[in-house]
Amino acid sequence: MTAHAQNPDEKVGNRFTCRKLCESSSGVLKLDSFGKLIYSSNTATGEAISKIESHTPKIEASESVNAGKLSEVRIVIGPHPNTIEHSIRRIELYVGEENRPFNPVLLAVVDLTPVYNDPDIKLNLKLSKSGTLYAVGYCNLHGLWEGHKEIKVTQ
Ligand SMILES: [Fe+2]
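The rules behind these values
- Residues numbered from 1 in each chain as written.
- Predicted model: local features only at pLDDT ≥ 70, side-chain atom pairs only at ≥ 80, totals over all residues.
- Helix = DSSP H or I, 4+ residues; strand = E, 2+ residues; numbered from the N terminus.
- Buried ≥ 20, exposed ≤ 12 C-beta atoms within 10 Å, placed from the backbone.
- Contact = placed C-beta atoms within 7 Å.
- Pairing = 2+ DSSP bridges.
- Core = buried A, V, L, I, M, F, W, Y, C linked by C-beta atoms within 7 Å.
- Axes fitted to C-alpha atoms, helices over the stretch in contact; angles between N-to-C directions.

Comments concerning the overall build of the chain
Then, in step 1: Across its full length, the chain carries 1 helix and 12 strands.
Then, in step 2: Ordered by position from N to C terminus, the α and β elements of the chain give β-β-β-β-α-β-β-β-β-β-β-β-β.
Then, in step 3: Burial analysis of the chain (155 residues in total) assigns 20% to the buried set.
Then, in step 4: Taking the contacts inside the chain whose residues are at least 6 apart along the sequence as the reference set, 55% of them involve residues at least 24 apart.

Right, dumping it as structure tokens:
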């Protein structure tokens, strides 16, 4: 048996305030879906709303690229603190391609060392199908955040 919070921002037990968690009768917190742990500007609620601007990855890329040709994509997160105690630790980039049976495709993973690296990366992509780029950033204090951008590939 599982007890769900009635209010999206309601405390679950006395340990967490997260609309994405539920608590089993044994008191062990569990997720109903890992995907619901990824925040975005559309899904953030409560305290997370104040984190949208500083945590949502921004994807800078041409809206239209040529198939099979290298095209630069920049992903930026922030301004965000960059200290040992609090920083963006990882950026992952995926593409969901049109008409592909299973998505997404993992394009890149960049691990960032606090202080030494800023969450500002550039990649050269060679896409063959139109789709949507999804960047996921991980903050050690504020979790996973997603930003996305549609990209058209011309043959
Ligand atoms: Fe953060």
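Observations concerning the pairing of strand 11 (residues 131-139)
Then, in step 1: Counting buried residues along strand 11, 8 of its 9 residues qualify, which places the element largely inside the surrounding structure.
Then, in step 2: As paired strands, strand 11 and strand 12 (residues 143-154) are joined by 9 bridges and run antiparallel to one another. Residue pairing in the sheet places tyrosine 134 in a bridge with histidine 148 of strand 12.
Then, in step 3: Counted between consecutive antiparallel strands, the loop separating strand 11 from strand 12 contains 3 residues.

Quick look at the environment of arginine 90
Then, in step 1: Structurally, arginine 90 can be placed in strand 8 (residues 88-97).
Then, in step 2: According to the C-beta neighbour criterion, arginine 90 is partly exposed, with 15 such atoms within 10 Å.
Then, in step 3: Residues arginine 90 and asparagine 140, spaced 50 residues apart in sequence, show a C-alpha to C-alpha distance of 9.2 Å.
Then, in step 4: When residues no more than four places from it in sequence are discounted, the contact partners of arginine 90 are Val109, Val110, Asp111, Leu112 and Tyr138.

Thoughts on the environment of aspartate 111
Then, in step 1: With respect to the helices and strands, the residue aspartate 111 is situated in strand 9 (residues 105-111).
Then, in step 2: Given 10 C-beta atoms within a 10 Å radius, aspartate 111 is considered exposed.
Then, in step 3: Expressed as a C-alpha distance, the spacing of aspartate 111 and glutamate 92, which sit 19 residues apart in the sequence, is 8.7 Å.
Then, in step 4: The contact partners of aspartate 111, leaving out residues within four places of it in the chain, are Arg89 and Arg90.

Points about the nonpolar core
Then, in step 1: Among the nonpolar cores identified, the biggest contains 12 residues, and these are Val65, Val73, Ile75, Ile91, Leu93, Val95, Leu127, Leu133, Tyr134, Ala135, Val136 and Ile151.
Then, in step 2: Ignoring anything within four residues of it in the chain, the contact list for alanine 135 reads Pro57, Ile59, Ile75, Ile91, Leu93, Glu146 and Gly147.
Then, in step 3: Counting 5 residues, the second largest nonpolar core, distinct from the first, contains Ile77, Ile88, Leu112 and Cys139.

Observations regarding the sheet that holds strand 5 (residues 58-60)
Then, in step 1: Within the open sheet, the 3 strands sit side by side as 5-7-10. Their pairing is antiparallel. Sheet topology places strand 5 and strand 10 (120-126) at the edges, where each strand pairs with a single neighbour. In this sheet, neighbouring strand axes are inclined to one another by 25° on average, regardless of whether the strands run parallel or antiparallel.
Then, in step 2: Sheet topology note: the strand 7 (residues 70-76)/strand 10 ladder contains 7 bridges and is antiparallel. Paired with glutamate 72 across the two strands is asparagine 124, which belongs to strand 10.

What about unusual backbone geometry?
Of all residues except glycine, most have a negative phi; of all peptide bonds, most are trans.
Then, in step 1: Note that the residue after glycine 78, namely proline 79, is joined by a cis bond; omega there is 10°.
Then, in step 2: Of the consecutive residues asparagine 103 and proline 104, the connecting peptide bond is found in the cis state with omega at 0°.
Then, in step 3: Residue position: proline 104 is located in the loop between strand 8 and strand 9.
Then, in step 4: One non-glycine residue with positive phi stands out, namely asparagine 99, at about 60°.
Then, in step 5: By the element assignment, asparagine 99 lies in the loop between strand 8 and strand 9.
Then, in step 6: Given 8 C-beta atoms within 10 Å, asparagine 99 falls into the exposed group.
Then, in step 7: Even without being a glycine, valine 115 presents a positive backbone phi close to 75°.
Then, in step 8: Summarising the element assignment, valine 115 is placed in the loop between strand 9 and strand 10.

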